[in-house]
Amino acid sequence: MPIPQDSTSAPSDQLNDRLASVASISRNMVILLDEAGIIEWVNSSFEEHTGYLLQDVIGQSPRDILYGPETDPETIRRIRRQLHLGEPFEEDVLNYTRSGKPFWVQAYCAPILRESEAVEGFVVIQNNISDRKHSERNLRIAASVFDRSHEAILISDRNNRILDTNPAFSRITGYDRDEVLGLTPAILSSGRHSAEYYRSMWHSIENTGQWRGEIWNRRKNGEEYIELLSISRVHLEEPGQYYHVAAFSDITALKNHAKELDRAANYDDLTGLPNRQLFEERIIAARAHADRQQRALSVCYLDLDGFKNLNDRLGRATGDQVLRTLAERLSRSLRTGDTLARIGGDEFALLLQNNNKEGVYQRILATINGPITAGDETLRLTASLGITQYPKDNGDAEGLIRHANQAMYSAKEKGRNQFHFFDPCLDKGLRERRDQLAEISRGLQNNEFELFFQPQVQISDCKLVGFEALIRWNHPVRGILAPGQFLPAVENSHLEIPLGQWVLKEAIHQMNTWKEAGEDLAVSINVSAQQLMDRSFSDYLASYLRSHPELDPALITLEVLESTALEDTKRASNVLARCRALGLQVALDDFGTGFSSLTYLRTLPVDTIKIDQSFVLNMLEDVNDHAIVESVIFLAQRFQRPALAEGVETMEHARALRNMGCHFVQGYGIARPMPATEVLDWATEWQRRRSSGTGGDMLEPLMASGEGI
């Protein structure tokens, strides 16, 4: 309301003095303006709040010193309009201190009127309401968070009756807000948790004022879900008054994804069994338990015998079904606390918790032996089982698995359907072999291998018929290594086929180099059983020959070791037949050292029989060796195959072999294996001496020339 101005009496002067005193001591800010809105006076509270002194503001407009960049322009316009009209008004205004700090005031302005009702000035009373404004802002933020939160929020009283929920609560639970007000959160209970579980929860809330954990609840439609729940107890100023604020999110999808990740990381897709990673974790836990209980445990490594051939013959789908069937059988045969894992392919691992007698391992093998129906066939499989026992073997998890694996290979060497216990001495040998294989692999990558070539001569006229390619290793530390110093480690390893392919490619490459130099020289190349029986061997060989069309395939002889146990003679015969169809020759190497020589001679398509040097070297002194050599030559003649004798070191060897009817010879008596760079010179010199010889026995002067021993 307007403030009248009365100056007719003395009491009024006293009243004005008193009003001035009130204005001076008031905690509210008081401003006196003239009729133009210019400051005439301010009280001390104004000075304290704004930082402006009375002498600083007299003669200035409030808007010039109090308003700032965030002061609402519309509010300023309303204030100016009310001042112009001379009407009272009340506004919330954002002011600024002299230092630039904003603060909110509630301003009440009333005009001071003369007796003529004319406006003489204005009195403005401002109350600092910054705290209230901040509280209102915080409440608005809290309300926005409450409404927009992705987490469900539930507020309940001290009796746990629901007072409020947010939209996310309805989205997650399916309950509308009005449906749950006045009820307790028990309406969400899934029934999965015991009363003790909830007592523990409320015990934590009573003692710490909060609880956090995972809990199963149920939506309105009956669907169960798992939530991550936080409950806090909020105390107000009223004595004994508190509320509960619960916030939760639905983590069902997250949990399901975690399960999927866990399964992918720890379980085998095909069988559902633990994989190697989880198996190692189980071993670690089992070792600790065994230590506490002073008990033993066994780690077993099981590999199916001949499964690769079965898989190739019946197809992968059938092979997978066989693996699933065996996994189910083995799982059912284990005791509680034992673990079966699939390590990979047809390899399984077992962790047996207690001391085990041999009968346990026999039963495991018997479980594998049971008949399995695969399509129209009934299969009976066998397995090789390696076992290591803790704490006798005090290895870590990885070491125990490795040792069981080594024992499994020993079981395979004993024959099918066998088990074998880990031997530390064998472990040392296998480690040495593994290290040697790693070194050989590096040697292949670093081009440390090369081929030497040893001549093969027709005994009747000393004609050079070809060379045998023999691998050597230019070891960076040990120098030139003969095959016997590294090939035994390669046999039946993952390097046997790559190394064999290297020999094949290098020999053909060398033949091409000699051809470019004007010489067509035949070369014999050793092929291992594993390389020969590899399904891609003949295709690989055909592809490589097509890339060298200038070479005559008839100059290439594949030497197959007779002493190698070929599991599938029929298949070997088919592979060799395909090789011969490509134009290659085939020689049966080390003939006489195996147990099936006659069978191989009858069934394998070979062009040449090579007599093993172990018989030739001692045939002049040992009548038994002499008889064997003579018999092999006789068999070769009856089967119409030429014979080539290795290990010919003296003229006496050569003469005896010629008298027996042997066709070709090879050995130190002719020449030692030589690098490829020396072959052409040696062949030229041999031909020169052969051409200059006289008489029918040219071998003797050639062998006596110093080229041999």
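Look above for the structure.
Residues numbered from 1 in each chain as written. Predicted model: local features only at pLDDT ≥ 70, side-chain atom pairs only at ≥ 80, totals over all residues. Heavy atoms only, no water.

Draft legend 1. Region of interest: empty space enclosed by the protein. All chains considered together, the criterion is met by 1 cavity of 30 Å³ or more. By volume, the largest cavity is sized at about 30 Å³. If you trace the largest cavity, you find it lined by Ile 497, Gln 501, Gln 531, Asp 534, Ser 536, Phe 537 and Tyr 540. When contributions to the lining of the largest cavity are tallied by element, the ones reaching two or more residues are helix H18 (496-516) and helix H20 (537-546). The residue makeup of the lining of the largest cavity, split by class, is 3 nonpolar, 3 polar and 1 charged. (1 Å grid on protein atoms, 1.4 Å probe; cavity = no way out; pocket = protein on both sides within 12 Å on 5 of 7 lines; lining within 4 Å. Points joined across faces, edges and corners; volume = space filled by probe spheres on them. Helix = DSSP H or I, 4+ residues; strand = E, 2+ residues; numbered from the N terminus. Nonpolar A, V, L, I, M, F, W, Y, C, P; charged D, E, K, R; others polar.)

Draft legend 2. Representation of the pattern of salt bridges in the model. For the coordinates displayed, the defined rule picks out 34 salt bridges. Measuring nitrogen to oxygen at the nearest pair gives 3.5 Å for the salt bridge that ties Asp 92 to Lys 133. Of this pair, Asp 92 sits in strand E4 (residues 89-96) while Lys 133 sits in helix H6 (residues 130-148), placing them 41 residues apart in sequence. For Asp 92, a relative accessible area of 26% puts it in the partly exposed group. (Salt bridge = Lys/Arg side-chain N within 4 Å of Asp/Glu carboxyl O. Buried < 20%, exposed > 50% of the residue type's maximum accessible area, 1.4 Å probe, protein only.)

Draft legend 3. Examining the sheet that holds strand E13 (residues 339-344) more closely. Reading across the sheet, the 5 strands line up as E13-E14-E12-E17-E18 and stay open at both edges, with mixed pairing between neighbours. The open sheet has two free edges, formed respectively by E13 and strand E18 (418-421), since each of these has just one partner strand. Averaged over all adjacent pairs, the angle separating strand axes in this sheet is 20 degrees, with direction ignored. Where strand E17 (residues 383-390) meets E18, 4 bridges bridge the pair, whose relative direction is parallel. By the bridge assignment for E18, Gly 386 is matched with His 420. Along the sheet, helix H15 (residues 397-414) makes contact with strand E12 (297-304), E17 and E18, crossing E17 at roughly 140 degrees. (Pairing = 2+ DSSP bridges. Axes fitted to C-alpha atoms, helices over the stretch in contact; angles between N-to-C directions. Contact = heavy atoms within 4.5 Å.)

Draft legend 4. Looking closely at H20. Here H20 has its buried residues at Phe 537, Ser 538, Leu 541, Ala 542, Tyr 544 and Leu 545. Projection of H20 onto a plane perpendicular to its axis shows the buried side chains occupying an angular sector of 165 degrees, all on one side. Seen from the buried face of H20, the exposed residues on the opposite side, beyond 90 degrees, are Asp 539 and Arg 546. Where H20 is buried, its residues touch H18, strand E22 (523-527), helix H19 (529-533), strand E23 (556-561) and helix H21 (569-581). (Arc of directions from axis to C-beta.)

Draft legend 5. Spotlight on the sheet that holds strand E9 (residues 210-218). As summarised here, the arrangement of the 5 strands in space is E8-E7-E11-E10-E9, forming an open sheet in which the pairing is antiparallel. Here the strands that pair on one side only, and so sit at the sheet edges, are strand E8 (162-165) and E9. Ignoring which end each strand starts from, the neighbouring axes of this sheet average 25 degrees apart. Against the sheet, helix H9 (residues 195-208) makes contact with E9, strand E10 (224-235) and strand E11 (242-250), and its axis sits at roughly 150 degrees relative to E9, the strand it touches most.

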